[in-house]
Amino acid sequence: MQKPGTDGRSGTDPQERLTVHEVSRMTGVSIRTLHYYDEIGLLMPSEVTESGYRLYHTEDLERLQTILFYRELQFPLREIRAIMNSPAFERGKALDGQIRLLEMRCEHLQDLIRLARDIRDRGEMNLNFKPFDTTEMDQYAEEVRKKWGHTEAYREFEEKHKGEAKDAGKGLMEILAVFHQLKDVPPEDSRVQTQVTRLQQYITGHFYTCTREILAGLGRMYISDERMKANIDAFGGEGTAETAARAIETYCRKA
């Protein structure tokens, strides 16, 4: 993707891939927000490297732009996700709706400005409350929500997505279970450390960016949270959680 130039124009190179830091600099959206959008399934990068780096393609930036339009229109994130993850979603038609809502919002603000100026300039009371009425705009926004976010196709999509989340959770437990096989191996051993790397990459690829700080916190949680510890040991065998925690601690100390 070509960065904006001095002439204010920007272009796109479909072959170029941008890191989360580059996307943040380009769009003004914070890295934390981009991570959160990924975590909740609103904006997931097209590619995650073996090292766990997110790489955003052109279509990801187009999706982000659509998200930001909805945010400007004050749509909650859960509604934006429902709209954009619907199998019936069409970006072109959605843009038409966004344009109409933006126009209505602009007209609403202009009416309020005219009223405020009239009160100031006349220096007298003006009990006109019509410019505050947002009924028409609210009704149109509700039509947008119903069109994309409450379809039978979307409900089917949500059910499928739940199944995928369960599969991802099972895959995570399977990676943790391998630590039980390594419980008698020193945590600094390359086999153990390689498994920690796999764990970190899996979490990044399926849930959220797992930095060393986050990974260290997870390792401590595996043994401090009794329910989590019990679940890990029940799946992998007694001592799995403690072995994983020691391995993660060693791994993060090397940073």
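In case you missed it, the structure is sitting above this.
To start, this report covers the structure provided alongside it.

1. So, the overall build of the protein chain
Here's step 1: A count of helices and strands for the protein chain gives 11 helices and three strands.
Here's step 2: Shown N-terminal to C-terminal, the secondary structure of the protein chain runs as helices and strands in the order β-α-α-β-β-α-α-α-α-α-α-α-α-α.
Here's step 3: Looking at the protein chain as a whole, 37% of its 255 residues are labelled buried.
Here's step 4: The long-range share in the protein chain, meaning contacts at least 24 apart out of those at least 6 apart in sequence, stands at 59%.

2. Details of the packing of aromatic side chains
Two measures describe an aromatic ring pair: the distance that separates the ring centres and the angle between the ring planes.
Here's step 1: Scanning all chains against the criterion turns up two aromatic pairs.
Here's step 2: A centroid spacing of 5.1 Å and a plane angle of 50° characterise the contact between Tyr 70 and Phe 75, whose relative ring orientation is tilted.
Here's step 3: What makes Phe 75 buried here is its relative accessible area of 2%.
Here's step 4: Seen in terms of ring centroids, Phe 129 and Phe 132 are 6.2 Å apart; in terms of plane orientation they differ by 40°. Their pairing is tilted.
Here's step 5: The class for Phe 129 is exposed, based on a relative accessible area of 59%.

3. Regarding the sheet that holds strand β1 (residues 18-19)
Here's step 1: Reading across the sheet, the three strands line up as β1-β3-β2 and stay open at both edges, with antiparallel pairing between neighbours. The sheet is open, and its two edges are formed by β1 and β2 (47-48), each paired on a single side.
Here's step 2: Pairing between β2 and strand β3 (residues 54-56): two bridges, direction antiparallel. Of the residues in β3, the one forming a bridge with Glu 47 is Leu 55.

4. So, the packing of helix α9 (residues 212-224) against helix α11 (residues 240-253)
Here's step 1: Closest axis-to-axis distance for the α9/α11 pair is 8 Å, and the angle between their directions is 155°. Looking at the two axes, α9 sits roughly antiparallel to α11. Helix-helix and strand crossings are classified by hand; for α9 and α11 the assignment is left-handed. Residues Arg 212, Leu 215, Ala 216, Gly 219, Tyr 222 and Ile 223 of α9 form the contact with α11, whose participating residues are Ala 241, Glu 242, Ala 244, Ala 245, Ile 248, Tyr 251 and Cys 252.

5. Focus on the nonpolar core
Here's step 1: Ranked by size, the top nonpolar core spans 27 residues in total, and within it Leu 34, Tyr 70, Phe 75 and Ile 80 carry the most contacts.
Here's step 2: For this core, the elements supplying multiple residues, two or more each, are α1 (20-27), α2 (31-39), α3 (58-72), α4 (77-84), α5 (91-122) and α6 (135-149).
Here's step 3: Excluding its chain neighbours within four sequence positions, the residues that come into contact with Leu 34 are Val 20, Val 23, Ser 24, Val 29, Leu 43, Tyr 56 and Leu 64.

6. Points about α11
Here's step 1: Between its first and last C-alpha atoms α11 spans 20 Å; for 14 residues at 1.5 Å apiece the expected length is 20 Å, and the two agree.
Here's step 2: The element α11 is largely enclosed, with a buried count of 10 among its 14 residues.
Here's step 3: Within the span of α11, buried status applies to Thr 240, Ala 241, Thr 243, Ala 244, Ala 245, Ala 247, Ile 248, Thr 250, Tyr 251 and Cys 252.

7. Some thoughts on a nonpolar patch on the surface
Here's step 1: Where nonpolar side chains cluster on the molecular surface, the patch consists of Met 125, Leu 127, Phe 129 and Phe 132 and spans about 540 Å² of accessible area.
Here's step 2: Relative to the assigned elements, Phe 129 resides in the loop between α5 and α6.

Analysis parameters
Residue positions are given per chain, counting from 1 as you read along its sequence in written order. For a predicted model such as this one, the threshold for reporting local features is a pLDDT of at least 70, and the threshold for listing and counting side-chain atom pairs is 80 or more; totals across whole chains, interfaces and linings nevertheless cover every residue. As a rule here, side-chain values cover all heavy atoms of the structure and leave hydrogens and water aside. The helix and strand labels rest on DSSP assignments: H or I over at least four residues marks a helix, E over at least two residues marks a strand, and numbering proceeds from the N terminus. Each residue gets one of three labels from its accessible area relative to the maximum for its type: buried under 20%, exposed over 50%, partly exposed in between, using a 1.4 Å probe on protein chains only. In this description, contact between two residues means that some pair of their heavy atoms is separated by no more than 4.5 Å. Each Phe, Tyr or Trp ring, with Trp reduced to its six-membered ring, pairs with another whose centre is within 6.5 Å; inter-plane angles below 30 degrees give stacked pairs, above 60 give edge-to-face pairs, and intermediate values give tilted ones. For two strands to be treated as a pair, DSSP must find no fewer than two bridges joining them. Think of each axis as a best-fit line through the C-alpha atoms, taken over the contacting stretch in the case of a helix, with angles from 0 to 180 degrees between the N-to-C directions. Here the angle decides the label: under 35 degrees means roughly parallel, over 145 means roughly antiparallel, 65 to 115 means roughly perpendicular, and every other value means oblique. Crossings are assigned a handedness: left-handed for a near helix turned anticlockwise from the far helix by less than a right angle, right-handed for a clockwise turn. Here, nonpolar core refers to any group of buried Ala, Val, Leu, Ile, Met, Phe, Trp, Tyr and Cys residues whose side-chain atoms link them within 4.5 Å. A helix's residues, less one, multiplied by 1.5 Å, set its expected span. Residues enter patches when they are more than 30% accessible in relative terms and free of salt bridges; like-charged ones are connected within 9 Å and nonpolar ones (Val, Leu, Ile, Met, Phe, Trp, Tyr) within 5 Å. Note on areas: these come from Shrake-Rupley sampling with a 1.4 Å probe, and a residue is covered only by the protein chains present in the view. What makes a salt bridge here is a side-chain nitrogen of Lys or Arg within 4 Å of a carboxyl oxygen of Asp or Glu, nothing more.

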